[in-house]
Amino acid sequence: MSDVLPPLLLINFREKMKSINNVFARPLRAATVAVSVLAGMLTVGSAFGQHLQDIARAESPLVLQSRGSFFVGGEQVERSATELGSFGPDDRISVNQMYVEYMVPDGKTKVPVVMVHGATLSGKTYDTTPDGRMGWYEYFVRKSHPVYVVDQIGRARSGFDQSVFNSVRAGKLSPDQQPSMLRLADRFGAWTNFRFGPEPGKPFPDTQFPIEAADKLSRQSVPDLRGASRAENPNWKGLADLALQLNGAVLLSHSQSGSYPLQSALINAKGIRGIVMIEPGTCNAQVHTGDEIAVLAKTPIFILFGDHLASPTGMPGPTWEDRFNDCKAFKKRVDAARGNIRLITTAETGVRGNSHMMMMDRNNLQIADLILEWIDEQAGR
């Protein structure tokens, strides 16, 4: 394992673990914590928010050349007073803009990395973990990569167009004209679907997710207006445009956004130096045409899945094992086109218990090093 993954810079959060690899010594503790976590999940209003004092202090200063935020894309559209909420006259608003926040480390930098979150979440996914440890956003910056974290269009700080909802409320449109707003809930949308354990409140004995902080993850969830829509997504072009603005970047996606970089590359691959897909919801193995596979084969691709993939999600639709198999079929097609693609599970590296939210798992920095090693070798030139 030591010659597969480089040494780690670890933060010992309140001495809850002595080593990032110590994953098998917690079954009794995990079971005890699960009882209290399940009680909290089943009791309305019983959970508490994250406290500032729970955030681990960094071992060294984070030195930046710059930090900030901006928007990519978007267009201005005319809206009536009713669509605006009847606060003033008819006017114009912006829609379909993508919010981006960034940190650029001081000194010599490596290839920029763009991080894209999954369904009913926001860019918070990659920041401080639910139990207060360093997230991938900061860690990648500390490893000399400029990092750009987005909020998907129509969500969180990117905002959304409220016009249709106000029009329905005013009786100008029928209710079936408004989109369904998806929200992944705690017991099944997160616990079983994200594979913290086989059933709500019961963790896998080797789980890497900090289950005592499951209620903190719940607070990160936001409504998703696109839901499971397979229609053309404005995020695809937004990511392609962002990569061009950065003069080349690695697109790192997760879950719902897993296949976004593939779609972005089909729009314009010029700025995309590599693609990292963390447990993509689909690889669309049977959807892409031969010509599309030929285009995608020109960009290095790394696909990473966690553990316990065969565990039932508790949700309708495919299991994570089904999704993994879809990506295996995708890899086979890219391999046939002589592309540069790697598909592995964390278990193959000798680490067990990683969940769907591996950027939040206790060994999140170890997994980050695995990804960073691939980026430096395949996309960092």
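Overview of the structure. (Residues numbered from 1 in each chain as written. Predicted model: local features only at pLDDT ≥ 70, side-chain atom pairs only at ≥ 80, totals over all residues. Heavy atoms only, no water.)

Once that is clear, we can look at the overall build of the chain. The helix and strand inventory of the chain stands at 11 helices and 10 strands. Taking all contacts inside the chain whose residues are at least 6 apart in sequence as the whole, residues at least 24 apart take part in 78%. Put simply, the chain shows about 17300 Å² of open surface, and 52% of that area lies on carbon and sulfur atoms. (Helix = DSSP H or I, 4+ residues; strand = E, 2+ residues; numbered from the N terminus. Contact = heavy atoms within 4.5 Å. Areas by Shrake-Rupley, 256 points an atom, 1.4 Å probe, with all protein chains shown as cover.)

This part takes up the nonpolar core. Ranked by internal contacts, the top residues of the largest apolar core, which has 44 residues, are Trp 136, Phe 140 and Ile 371. Element by element, the count of residues in this core is highest for helix 11 (residues 364-379), at nine residues. In this view, Phe 140 contacts Val 113, Met 115, His 145, Val 147, Leu 252, Ala 368, Ile 371, Leu 372 and Ile 375; residues no more than four positions away in its chain are not counted. Among the nonpolar cores identified, the runner-up in size contains 39 residues, and Val 100, Val 150, Ala 285 and Ile 293 belong to it. (Core = buried A, V, L, I, M, F, W, Y, C linked by side-chain atoms within 4.5 Å. Buried < 20%, exposed > 50% of the residue type's maximum accessible area, 1.4 Å probe, protein only.)

This part takes up empty space enclosed by the protein. Applying the stated criterion across every chain yields a total of two cavities of 30 Å³ or more. Taken together, Ala 119, Thr 120, Leu 121, Leu 184, Ala 185, Asp 186, Ala 190, Phe 194, Leu 217, Ser 218 and Ser 221 make up the lining of the largest cavity. Looking at side-chain class alone, the lining of the largest cavity contains seven nonpolar, three polar and one charged residues. (1 Å grid on protein atoms, 1.4 Å probe; cavity = no way out; pocket = protein on both sides within 12 Å on 5 of 7 lines; lining within 4 Å. Points joined across faces, edges and corners; volume = space filled by probe spheres on them. Nonpolar A, V, L, I, M, F, W, Y, C, P; charged D, E, K, R; others polar.)

Take the pattern of salt bridges next. Going through the model one piece at a time under the given rule, you end up with 13 salt bridges. Linking Asp 151 and Arg 157 is a salt bridge whose minimum nitrogen-to-oxygen distance equals 3.0 Å. Exposure remark for Asp 151: the relative accessible area of 1% places this residue in the buried category. Owing to a relative accessible area of 42%, Arg 157 belongs among the partly exposed residues under this scheme. Among the ionic pairs, Arg 352 bridges to Asp 307, the shortest N-O distance being 2.7 Å. (Salt bridge = Lys/Arg side-chain N within 4 Å of Asp/Glu carboxyl O.)

Tallied over the entire structure, the rule returns 12 aromatic pairs. Taken together, a centroid distance of 6.3 Å and an interplanar angle of 25° make the contact between Tyr 126 and Trp 136 stacked. With Tyr 126 in the loop between strand 5 (113-115) and helix 3 (136-142) and Trp 136 in helix 3, this pair connects stretches of sequence that are 10 residues apart. Taken individually, Tyr 126 and Trp 136 each receive the classification buried, so the pair is uniform in this respect. By the ring-pair criterion, three or more aromatic residues cluster together here, those being Trp 191, Phe 194, Phe 196 and Phe 209. Above the ring of Trp 320, the side-chain terminus of Arg 323 is found at 4.2 Å from the ring centroid. (Phe/Tyr/Trp six-rings, centres within 6.5 Å; stacked < 30°, edge-to-face > 60°. Lys NZ or Arg CZ within 6 Å of the ring centre and 35° of its normal.)

A word on the sheet that holds strand 10 (residues 341-345). On the basis of which strands lie adjacent, the open sheet formed by eight strands has the order 1-4-6-5-7-8-9-10 and mixed pairing. Because the sheet does not close on itself, it has two edges, and the strands there are strand 1 (64-72) and strand 10. Put simply, the sheet's adjacent strands are angled 15° from each other on average, direction ignored. Pairing geometry for strand 4 (residues 98-105) and strand 6 (residues 147-151), over five bridges, is antiparallel. (Pairing = 2+ DSSP bridges. Axes fitted to C-alpha atoms, helices over the stretch in contact; angles between N-to-C directions.)

Attention shifts here to the pairing of strand 4. In regular strands, side chains alternate between the two faces of the sheet. Most of strand 4 sits inside the fold, with eight of its eight residues counted as buried. In this sheet, strand 4 lies alongside strand 1 in antiparallel orientation, the contact comprising eight bridges. Paired with Ser 66 across the strands is Val 104, a residue of strand 4.

The next subject is the state of the cysteines. Within this structure, the stated rule accounts for one disulfide. Each sulfur of the disulfide joining Cys 283 and Cys 327 lies 2.1 Å from the other. Every disulfide takes its handedness from the sign of the S-S torsion; for Cys 283 and Cys 327 that torsion is 85°, giving right-handed. Linking Cys 283 in the loop between strand 8 (272-278) and helix 9 (290-296) with Cys 327 in helix 10 (residues 320-336), this pair joins segments that are 44 residues apart in sequence. (Disulfide = S-S within 2.5 Å.)

Mapped onto the secondary structure, Ser 355 falls in the loop between strand 10 and helix 11. Here the side chain of Ser 355 touches Asp 361 through a polar contact of 2.8 Å, side chain to side chain. Once you skip the residues sitting within four places of it in the chain, Ser 355 turns out to touch Phe 194, Arg 195, Phe 196, Phe 209, Glu 279 and Asp 361. (Polar contact = N/O pair within 3.5 Å; in protein donor to acceptor, adjacent residues only side chain to side chain.)

Right, let's get into helix 10. An α-helical segment advances 3.6 residues per turn. Residues three or four places apart therefore align on the same side. Between its terminal C-alpha atoms helix 10 stretches 24 Å, which fits the 24 Å expected from 17 residues at 1.5 Å a residue. Of the positions making up helix 10, those classed as buried are Trp 320, Arg 323, Phe 324, Asp 326, Cys 327, Phe 330 and Val 334. For helix 10, the angular spread of the buried residues around the axis is 155°, confining them to a single face. Across helix 10 from its buried face, at more than 90 degrees, point the exposed residues Lys 332 and Ala 336. (Expected span 1.5 Å × (residues − 1). Arc of directions from axis to C-beta.)

What follows covers the environment of Val 114. By secondary structure assignment, the location of Val 114 is in strand 5. The spacing of Val 114 and Val 276 is 162 residues in sequence and 9.8 Å in space, taken between C-alpha atoms. For Val 114, the contacting residues outside a window of four places in its chain are Tyr 148, Val 150, Leu 239, Leu 242, Leu 246, Ala 249, Val 250, Leu 251 and Leu 252.

Moving on, we come to unusual backbone geometry. Even without being a glycine, Thr 120 presents a positive backbone phi close to 55°. Take Thr 120: it is sitting in the loop between strand 5 and helix 3. Unusually for a residue other than glycine, Arg 195 sits at a positive phi of about 60°. Of note, Arg 195 is situated in the loop between helix 5 (186-192) and helix 6 (214-218).

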